Structure formats: C-alpha cells, structure tokens
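Letter by letter, the chains look like this.
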Amino acid sequence: MARWFVRLLVVAMVLLAARQAASQPAWSGAAEGVVVLGRVSADRLDALGPVWYYQYGFAGDDIGDHRRIMLIRPHTRTDELSSAMGQRRDAVWLVGNEPNDPNQDAMSPCAYARFYRWAEDVASRSDWGARLVPAGIADADIAYAEAFLACYRRLYGREPRVAAWNIHNYILDEGASQYDVRTFQERIVAFRDWMDDIGHGGLPLLLTEYGVLYGSGCCDHPAEPPEPGVAFLAATTRWLQQTDHVQAWAWFCLDSRGGSGASQFNGDLLSPEGALSPFGQAYQRTIAERYGRE
C-alpha cells in the first residue's frame, strides 16, 4: 500500500474520531449543579448529593468525584488554555461569563464572536473533542444571542461551534420581585423556543446561574428573611426537574463569604459554620426527591 495512502487513511481516521467525539452529547449525568467561589472541601459538595460544579476558571485541582465544568475568561492566555484542553479531553468549556453584562465580561456581540472564535481555534489544535458553550448570557437575552450569531457569520462565513447554549436567569429588573417564578419560567421557555426557531432545538440548554442575589444586605438592598428565597429555590428547581427545557442548572452559589466572613450575596447553600443553610437544605431535598433518596 502506498505510503501517501496510509497517511491519508490515518488522517481520515483521526478526523472521524474527532467528529464523533465532538458529536457526543454535551451533557449527561446529574442535572443539578452549583457555582463555587474559591476553594471548598469535597464533603461540602457531597452533602448536597451528586452535584456538578464550576468555578470562574479552569486552574486548580478538581473537588472530589464531582463533575467539573470549565470556564474561559477573556484574559486567558493561549498557551494556558491549550495546555488545559490537552489535559482535560472532551470537557465542557463555558466560553466567558455574561458578555452582555457591563459588570462582567462586558463585550459587544462582535467582540464576543472574536473571543469565541479564538477559543475554537485553540480547541481545534488542542482537543477536537472539547465541547464549547457560549457564555452564560445574562437575563437569557435572546437579542444578544442573535447578534452574536449574526456577527460570527459575517466575520467568519459559517456557524460557530456550539455544543449547547447557556444562560443566566435572575429577576433583577427595577420594580420586579426577584422571587417571581413565572417570569423565571417565561424567560427560559422563550429562549428554548428561540433555539427551536434557529434549528438548535436538539442542543442542550444550560442554566449556569440562577438564584436570589438580594437579601443579605448587599447591592444597596436591605436584608430579607430567607423564607421567600428558599421557596423560590424549591419552586424553580422542581420546575426545572419536571420539564425538559433545561438539561443542567447551577444554583448561585455554594458560599459567597469573603474575608470578612459575611456573605456577599443571598442564597448561600452553606451556613457560616459550613453546614447546609436553609437554602442548602432545600436544594438537597429537591435532589434527594429526584433520585429517590431520604
């Protein structure tokens, strides 16, 4: 057999394997997850159940046996990402965090399209099986998602490599209640309908942040009792479990305490002592109910 033909066959087999890996589902396993700020011991996650998690980056050791999702920030160096992708084959990578929020990644749709293309280029050299997912789009903003797609097509003449879509969903509009379950649901249904409209209905939808940020005294809002937030957590999580609009979701967050020991945001799943808070107990109950555990 000619040597050139053998080489061609090897290349074809590699490309086929890469395509098959990339075509595997972007999500499988436990749907419930949690956002982790800083480091935490595995037993804190174990107390919640079989949860997955992510942090705002990809450095450091994983936490116990819990599945970790990676996140790429705009300041990431190419060599760092390339090395990490090579070591974490077939991982799910969230490309950025809230690019449409001026207090987070703060990127125009076209700037985000360029950032996303950069992540694709690194993945194509480091791990064809990497599953790239657009950043958690704040407020499930369909207009921003559409503008990102349009700019990407205009710049590169093709569709972006999207393994799933990813949104954040807080009810923080002026005059609205952050405990408004109906608005929470309507945003998700609308985004899922949009995915159907653009031909992406077969892709997973991830909700990588939801919660109740106000109520711990932060953000120029007064402190509030935990009961309304706990009820919101239970209602929204059970709705997510009972419908098929979203394939995986992460509550914000496990523990938002800073150096002062005070929580930065409401909704922490852990108490200052490290036990499950009322929020954590409610989340753990919804997970136990789903998996038939006591």
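As a starting point, this report considers the structure included with it. Model, not experiment: these values are computed from the prediction. (Residues numbered from 1 in each chain as written. Predicted model: local features only at pLDDT ≥ 70, side-chain atom pairs only at ≥ 80, totals over all residues. Heavy atoms only, no water.)

Turning our attention to the environment of N166. Along the chain, N166 falls in strand β6 (residues 165-169). Taking the relative accessible area as the measure of exposure, N166 reaches 0% and is therefore buried. With 69 residues separating them in the primary sequence, N166 and N97 have C-alpha atoms 9.8 Å apart. In terms of polar contacts, N166 uses its side chain to reach the backbone carbonyl oxygen of P134, at 3.2 Å. (Helix = DSSP H or I, 4+ residues; strand = E, 2+ residues; numbered from the N terminus. Buried < 20%, exposed > 50% of the residue type's maximum accessible area, 1.4 Å probe, protein only. Polar contact = N/O pair within 3.5 Å; in protein donor to acceptor, adjacent residues only side chain to side chain.)

To continue, consider helix α6 (residues 181-197). If you check α6, its first and last C-alpha atoms are 25 Å apart, about what 17 residues at 1.5 Å a residue would give, namely 24 Å. Listed in full, the buried residues belonging to α6 are F184, R187, I188, F191, R192, W194 and M195. Down the axis of α6, the sector holding all buried residues measures 155°, keeping them to one side. Opposite its buried face, α6 presents the exposed residues R182 and D197, each directed more than 90 degrees away. The elements touched by buried residues of α6 are α5 (142-156), β6, β7 (205-210) and α7 (227-242). If you check the start of α6, you find a side-chain oxygen 3.1 Å away from the backbone N of R182, and it comes from D180. G199 lies just past α6 and shows a positive phi near 85°. (Expected span 1.5 Å × (residues − 1). Arc of directions from axis to C-beta. Contact = heavy atoms within 4.5 Å.)

So, about the packing of aromatic side chains. For the structure shown, the criterion picks out 22 aromatic pairs. When the centroid spacing of 5.0 Å and the interplanar angle of 80° are considered together, the rings of W165 and W194 count as edge-to-face. Of the two residues, W165 sits in strand β6 while W194 sits in helix α6, which places them 29 residues apart along the sequence. Note on accessibility: W165 and W194 belong to one class, buried. Through a chain of ring-to-ring contacts, three or more aromatic side chains come together here, namely Y112, F115, Y116, W118, F148, Y152, Y156, W165, F191 and W194. (Phe/Tyr/Trp six-rings, centres within 6.5 Å; stacked < 30°, edge-to-face > 60°.)

Moving on to the sheet that holds strand β1 (residues 32-35). Ordered by their spatial adjacency, eight strands build an open sheet running β5-β4-β3-β2-β1-β8-β7-β6, and the pairing between neighbours is parallel. With one partner strand each, in any of the chains shown, β5 (131-136) and β6 form the two edges of the open sheet. Pairwise comparison of adjacent strand axes, ignoring direction, gives a mean angle of 25° for this sheet. Alignment of β1 against strand β8 (residues 248-251), held across three bridges, turns out to be parallel. (Pairing = 2+ DSSP bridges. Axes fitted to C-alpha atoms, helices over the stretch in contact; angles between N-to-C directions.)

Inspection of the secondary structure puts T286 in helix α8 (residues 278-290). Residue classification places T286 among the buried residues on the basis of a relative accessible area of 0%. A sequence separation of 48 residues divides T286 from R238, and the C-alpha atoms of the two residues are 6.7 Å apart. Residues in contact with T286, not counting those within four places in the same chain, are A234, T237, R238 and Q241.

Below, the discussion takes up the side chain of E120. Mapped onto the elements, E120 comes out in helix α4 (residues 109-126). In this structure E120 comes out as buried when scored by relative accessible area, which is 3%. Among all residues touching E120, those that are not within four sequence positions of it are L132, Y152, R158, P160 and R161.

All right, on to unusual backbone geometry then. That bond from F252 to C253 is cis: its omega, -5°, falls within 30 degrees of zero. One non-glycine residue, D139, lies in the positive phi region at around 60°. Since its relative accessible area comes to 39%, D139 is described here as partly exposed. Of note, A140 is a non-glycine position whose phi angle comes to about 50°, a positive value. Along the chain, A140 falls in the loop between β5 and α5. Look at A140 and you get buried, because its relative accessible area is 6%.

Attention now goes to the nonpolar core. Membership of the largest hydrophobic core comes to 65 residues, with the highest contact counts inside it found for W93, W165 and F191. Take this core: its biggest share by element is seven residues, from α4. Sequence-distant contacts of F191, defined by excluding residues within four places in its chain, comprise I137, A140, D141, I142, A145, W165, I167 and L205. Within the second largest apolar cluster, 18 residues are counted, among which are Y54, L71, Y170 and L206. (Core = buried A, V, L, I, M, F, W, Y, C linked by side-chain atoms within 4.5 Å.)

This part is about the side chain of T208. Within the secondary structure, T208 sits in strand β7. Here the side chain of T208 touches H168 through a polar contact of 2.9 Å, side chain to side chain. Excluding residues within four positions of it along the chain, T208 makes contact with V35, W52, Y54, L94, G136, N166, I167, H168 and A250.

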